[in-house]
Amino acid sequence: MAVDIQVRINGKPHDNKVEPRLLLVHYLRDTLGLTGTHVGCETTLCGACTVFVDSKAVKSCTMLAVQADGAEVTTIEGLASAPEAGGKLHPVQEGFWEKHGLQCGYCTPGMILASVELLRRNAEPSEAEIRRALAGNLCRCTGYQNIIEAVRYAGKKMKGRKR
Amino acid sequence: MATATRYIGKPLKRKEDPRLIQGLGHYVDDLRLPETHYAAFVRSPYAHAKVRSVDVSKARTAPGVVLALTGADVKGAIGFVPCAAQIPDMKSAPRPVLAVDRVRFVGEAVAVIVATDRYAVRDAVDLVEVDYEPLTPVVDPEKAMAKGAPVLHEPYKDNVAYRWELEGGDLKKAFKQADKVIRQRIINQRLIPMAMEPRGVMADYKPGEKQLTVWSSTQIPHLLKTQIAVMLRVPEHSVRVITPEVGGGFGSKMNVYPEEALCGYLAMQLGKPVKWIESRRENFQTTIHGRDQIDDLEIAVKRDGTVLGLRCKVIADLGAYYQLLTPLIPTLTGLMMCGCYKIPAARMEITGVLTNKMSTDAYRGAGRPEATYFVERMMDLVAAELKMDPVEVRRKNFPQPEEFPYATPTGLIYDSANYQRSLDLVLKNSGYTKLRKEQAQLRKKGKLMGIGLSTYVEICAMGPSSAMPAGGWESATVRVEPTGNVTVLTGSSPHGQGQETTFAQIAADMLGLEPDEVQVVHGDTAAVPYGIGTFGSRATAVGGTAVYKCLEKLRSKLGQIAGHILGEDPGKLVFRDKKILSKSSKKSLNFVEAVGAAYVAKTLPPGMEPGLEAVTFFEPTNFTFPFGAHVCVVEVDSETGDVKVVKYVAVDDCGNVINPMLVDGQIHGGIVQAIGQALLEEAVYDENGQLITGELMDYAIPRAADIPWMELSRTVTPSPVNPMGVKGVGEAGTIGATPALINAVVDALSPLGVRHVDLPAKRERIWQLLHKPSGRSPAQVAPKKRRAR
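1. Here's the deal with the interface of chain A and chain B
Step number 1: Listed by partner, the interface residues are 50 residues for chain A and 53 residues for chain B.
Step number 2: Regarding the contact of chain A and chain B, the summed buried area is about 4600 Å², with carbon and sulfur atoms giving 56% of it.
Step number 3: Broken down residue by residue, the surface that chain A buries against chain B is led by Trp97, Arg140 and Gln145 of chain A, which jointly contribute 20%.
Step number 4: Inspection of the region where chain A meets chain B yields seven salt bridges.
Step number 5: The closest approach of N and O atoms between Arg118 of chain B and Asp30 of chain A, which form a salt bridge, is 2.7 Å.
Step number 6: Ranked by residues supplied to the side of chain A that touches chain B, first place goes to helix H5 (residues 145–162) of chain A with five residues.
Step number 7: Classifying every residue of the side of chain A that touches chain B gives 23 nonpolar, 16 polar and 11 charged.

2. Structural notes on the sheet that holds strand E21 (residues 518–522) of chain B
Residues and elements named next belong to chain B.
Step number 1: Strand order in the open sheet formed by four strands is E21-E20-E19-E25, with mixed pairing between adjacent strands. The open sheet has two free edges, formed respectively by E21 and strand E25 (613–618), since each of these has just one partner strand. The sheet shows a mean angle of 15 degrees between the axes of neighbouring strands, taken without regard to direction.
Step number 2: In this sheet, E25 lies alongside strand E19 (residues 474–480) in antiparallel orientation, the contact comprising six bridges. Along E25, the bridge assignment pairs Arg479 with Glu613.
Step number 3: Strand contacts of helix H16 (residues 539–566): E19, strand E20 (486–490) and E25, with the helix running at about 145 degrees to E25, the strand carrying the most contacts.

3. A few points about a positive patch on the surface
Step number 1: Together, Lys572, Arg576, Lys583 and Lys586 of chain B make up a positively charged patch on the protein surface.
Step number 2: Tracing the backbone shows Lys583 of chain B in the loop between strand E23 (579–582) and strand E24 (588–590).

4. As for the sheet that holds strand E10 (residues 211–216) of chain B
Residue and element names in this part refer to chain B.
Step number 1: Spatially, seven strands are ordered E3-E5-E1-E12-E9-E10-E11 in an open sheet, and the strand pairing comes out mixed. Every other strand in the sheet has two partners, leaving strand E3 (65–70) and strand E11 (239–242) as the edge strands with one partner each. Between one strand and the next, the sheet's axes are offset by a mean angle of 20 degrees, whatever the strand orientation.
Step number 2: Where E3 and strand E5 (residues 109–115) come together, five bridges link them in antiparallel fashion. Directly across from Val65, in E5, lies its bridge partner Ala115.
Step number 3: Across the face of the sheet, helix H4 (residues 118–125) comes into contact with strand E1 (37–43), E3, E5 and strand E12 (274–277) while running at roughly 25 degrees to E1.
Step number 4: The sheet contacts of helix H8 (residues 258–270) involve E1, E3, E5, strand E9 (200–206), E10 and E12, and relative to E9 the element is tilted by about 30 degrees.

5. Comments concerning the nonpolar core
Side chains of a nonpolar character, in soluble globular proteins, are inclined to be buried together.
Residues and elements named next belong to chain B.
Step number 1: In this structure, Tyr648 and Leu749 are the most contacted members of the largest nonpolar core, which totals 220 residues.
Step number 2: Top element by residues in this core is helix H19 (residues 732–749). It accounts for 11 residues.
Step number 3: If sequence neighbours within four positions are ignored, Tyr648 has contacts with His630, Val631, Cys632, Ile671, Pro708, Trp709, Met710, Glu711, Gly736, Ala737, Ala740 and Leu741.
Step number 4: Core analysis: the second largest hydrophobic core is formed by 44 residues, Ile506, Ile561, Leu573 and Val726 among them.

6. Brief notes about the environment of Arg364 of chain B
Residue and element names in this part refer to chain B.
Step number 1: Examined against the element boundaries, Arg364 turns out to sit in the loop between strand E15 (345–354) and helix H11 (368–386).
Step number 2: The exposure class assigned to Arg364 is buried, which follows from its relative accessible area of 5%.
Step number 3: For the pair Arg364 and Gly249, spaced 115 residues apart in sequence, the C-alpha to C-alpha distance is 8.7 Å.
Step number 4: If we skip the residues at most four places from it in the chain, Arg364 touches Phe250, Arg291, Pro369, Gln666, Gly669, Gly670, Gln673, Gly730, Glu731 and Thr734.
Step number 5: Here the side chain of Arg364 touches Gln673 through a polar contact of 3.1 Å, side chain to side chain.
Step number 6: Reaching out from Arg364, the side chain makes a polar contact with the backbone oxygen of Gly730 at a distance of 2.8 Å.

7. Thoughts on the packing of aromatic side chains
All names here are of chain B.
Step number 1: Across all of its chains, the model carries 14 aromatic pairs over all chains by this definition.
Step number 2: Ring centres of Tyr341 and Phe398 lie 5.8 Å apart, and the angle between their planes is 5 degrees; on these two criteria the pair is classed as stacked. Of this pair, Tyr341 sits in the loop between helix H10 (329–335) and E15 while Phe398 sits in the loop between helix H12 (390–397) and strand E16 (406–407), and the two are 57 residues apart along the sequence.
Step number 3: Taking the relative accessible area as the measure of exposure, Tyr341 reaches 1% and is therefore buried.
Step number 4: Classification of Phe398 as buried rests on a relative accessible area of 3%.
Step number 5: Between the aromatic rings of Trp473 and Phe617, the centroid separation amounts to 5.1 Å while the plane-to-plane angle is 50 degrees, which identifies the pairing as tilted. Within this pair, whereas Trp473 is found in the loop between strand E18 (448–457) and E19, its partner Phe617 is found in strand E25, the two being separated by 144 residues in sequence.
Step number 6: Owing to a relative accessible area of 19%, Trp473 belongs among the buried residues under this scheme.
Step number 7: Feature note: the residues Tyr341, Phe398, Phe404, Tyr406, Tyr414, Tyr419, Phe625 and Phe627 constitute an aromatic cluster, connected by ring pairs.

8. Notes on the side chain of Glu731 of chain B
Step number 1: Mapped onto the elements, Glu731 of chain B comes out in the loop between strand E28 (710–714) and H19.
Step number 2: A distance of 2.7 Å separates a polar atom in the side chain of Glu731 of chain B from a polar atom in the side chain of Arg368 of chain B.

Conventions adopted
- Residues numbered from 1 in each chain as written.
- Chains lettered and ligands numbered in written order.
- Predicted model: local features only at pLDDT ≥ 70, side-chain atom pairs only at ≥ 80, totals over all residues.
- Heavy atoms only, no water.
- Contact = heavy atoms within 4.5 Å.
- Buried area = accessible area lost by both parts, 1.4 Å probe.
- Salt bridge = Lys/Arg side-chain N within 4 Å of Asp/Glu carboxyl O.
- Helix = DSSP H or I, 4+ residues; strand = E, 2+ residues; numbered from the N terminus.
- Nonpolar A, V, L, I, M, F, W, Y, C, P; charged D, E, K, R; others polar.
- Pairing = 2+ DSSP bridges.
- Axes fitted to C-alpha atoms, helices over the stretch in contact; angles between N-to-C directions.
- Patch = residues over 30% accessible without salt bridge, like charges linked within 9 Å, V, L, I, M, F, W, Y side chains within 5 Å.
- Areas by Shrake-Rupley, 256 points an atom, 1.4 Å probe, with all protein chains shown as cover.
- Lys, Arg positive; Asp, Glu negative; His and termini not counted.
- Charge placed at Lys NZ, Arg CZ, Asp CG, Glu CD.
- Core = buried A, V, L, I, M, F, W, Y, C linked by side-chain atoms within 4.5 Å.
- Buried < 20%, exposed > 50% of the residue type's maximum accessible area, 1.4 Å probe, protein only.
- Polar contact = N/O pair within 3.5 Å; in protein donor to acceptor, adjacent residues only side chain to side chain.
- Phe/Tyr/Trp six-rings, centres within 6.5 Å; stacked < 30°, edge-to-face > 60°.

As structure tokens, then:
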């Protein structure tokens, strides 16, 4: 029995009929074609599927699409239109590029969104705070060090823009 | 013709990143074709069982299902899973793509279902009824070798897949002359590669054109194309393999898997695109595992620490079947058993054993981390036994820099090295002497602080074809397009390594262009000439050299064209700033004009062919041997057994460097995977052959909060094996770091009389060591005396 949901995704309204069991990540990827959000474990453990639901970083592989009814969702594809980004690359995206914060790129969209959430809470996180904040996002390539550099880079840049 | 290095050696930002940081890259599951169907597999819950019957009739009529096939249905239509490694007198262990009458590991597929929708196909899997007759599983490799153990592959009488030996030097003499012989059993545990992107396959068949296209998350598109053609018995020219973005591999995707051939077969049967995306649980159960060796070592030493000989017996747990290189991996351990030491005599005996588990195969380092780990542990055991500093023992046994190329008793020729230099630098950078003083102070207070050292050498740039199972060369094609842009086609299809950037750096410098004017194309067998792939730290040293050689050819041709037009000696022209210019007369021709001349073909030197395309199949003359030295400091919590890595200092030498930022990234990732092996990761099968670490919940890969800041630096000893002097870096961190970590843990516990700790040094293992009834508590332990700091 399909259910009608209305979700605002990356600033655009969407109205779809979905099966109640459809996962949010499959709604984004398969129904809407937003394939930047990746599936890495299907069990909330790896963080590759992280998106914002009403500004909160959420693992979309264990949330149902119907639970997002009425919500505002931001995916990696919509990050450039976030307030800090101004239509260009978000400072966190820029940081990942500048500091070689990615190799295979599979964890990257989730890692970037988790980092954005951290920096919105805490503009100048310490190394330990970054490590703790990203502990729910796995990366098998980078050893995390350049991701930490990327987050610091972005934090500095975002602070500069606020002034 | 000189090359100005404007980009080689510089930390250029990656060309692949803009798409990946915006979610615009395409991994297999991101590809969309109309009418795509989804495949899912019915997999065995038993490690060892007879399959009495597989009933797919209910699944066949389930909503959305279009096809349901069992092993019996495809038997004869699809060949066995290929193994490229051949060891003399090796037993065969053929694996059908779907099990027919017997399953030999948990997760082995017995049926495949295809439906119109991802969810429908998963529902239908549950409707398949399989009647299994459980057999006694063979899980422990030592028990598997015993007489009377159930046999996996009849008609053989036992589970020993092969025995392999290697000996060099006078081993008898070495052990006779030894003042001491030190023995230790060392375990290299089973690991799960865990690339972030699970495997995935999509296949599409066009019956009119008789063209099968298979998209797969693989490290070896060309080899896969050949094997799919062989397995499906179709002409090879009718198969095209494309690897889109690949989300990590670490060796696990340098394989040919049943699902790759099956998806091709299903697409041909249905005439519709068929996609299969591996779940994480399937990834843990049915993508290759790594390591899993029991290594029994004996080292013969003189009283002054000189090593005379090393003997090793390996029991290698191969799992139930052979994947592409399964039997070969332990032999690499044999080749590298002497590490970076001048050990005059060595002997290796390997017994490969079949058990009811997933196959082991190449996982980052593939055979070399095992060797480095045991030889580095043995050096520390020698130091402890002779009451010497681990630094001293190592220094005493290094070959001197002038002894290179250096021949090992295992038959290798180490190309170039200066082990003393990397050791000196890591001791300086880590403040080793000061660390030892701090340690003495902490020990007085009963604190368990350990300092671990590892000096390693690895074998990479795989490799000369004479030493490889199926070709060790690599291909490149470089084409200068009529507008002056450059297209590089490489057989080294990457999965995170950044060849799109590094190969563009090489091409830009060689032709005097900008990296943005160079496009690197890979991973499409219809576009790229046959290649081998990315593994064994070979992409730059073998694939990059092939690119370099193409560029030399193009420079020669462009030089002749420009020389002809300018009336200059081609030998005196340089390529710089998009010009080809004469150093003496200062006359120049725009690069694009020379290119145009090659295509318009009116002003070419007499007899010259038009066009600007060069092809190289580069065959290396030897492997390369990167090396380095790592120091690590750990604190062990005497209450909980928790190991905290508080300092990590690495010096690595991978020869000349194309992009230092990418090299550091490889080292970082490598060290953290070693932290995984040393402290966290262990694939555990219980006595029934169930994989009880079957999910990320039970199998701990390192998280950001688990690891220390890594301090890296480099020495540069160019390789004489290739013209760019590069060696390779993809596996160095993983190979070098595991022993440094465990040596540190053992060093921390040494006041308690601990001489060895098995991998992984998990807190419960340490806790047990700390709380052995006979053990003294840390507070009672007097500081250990060490000589000659």
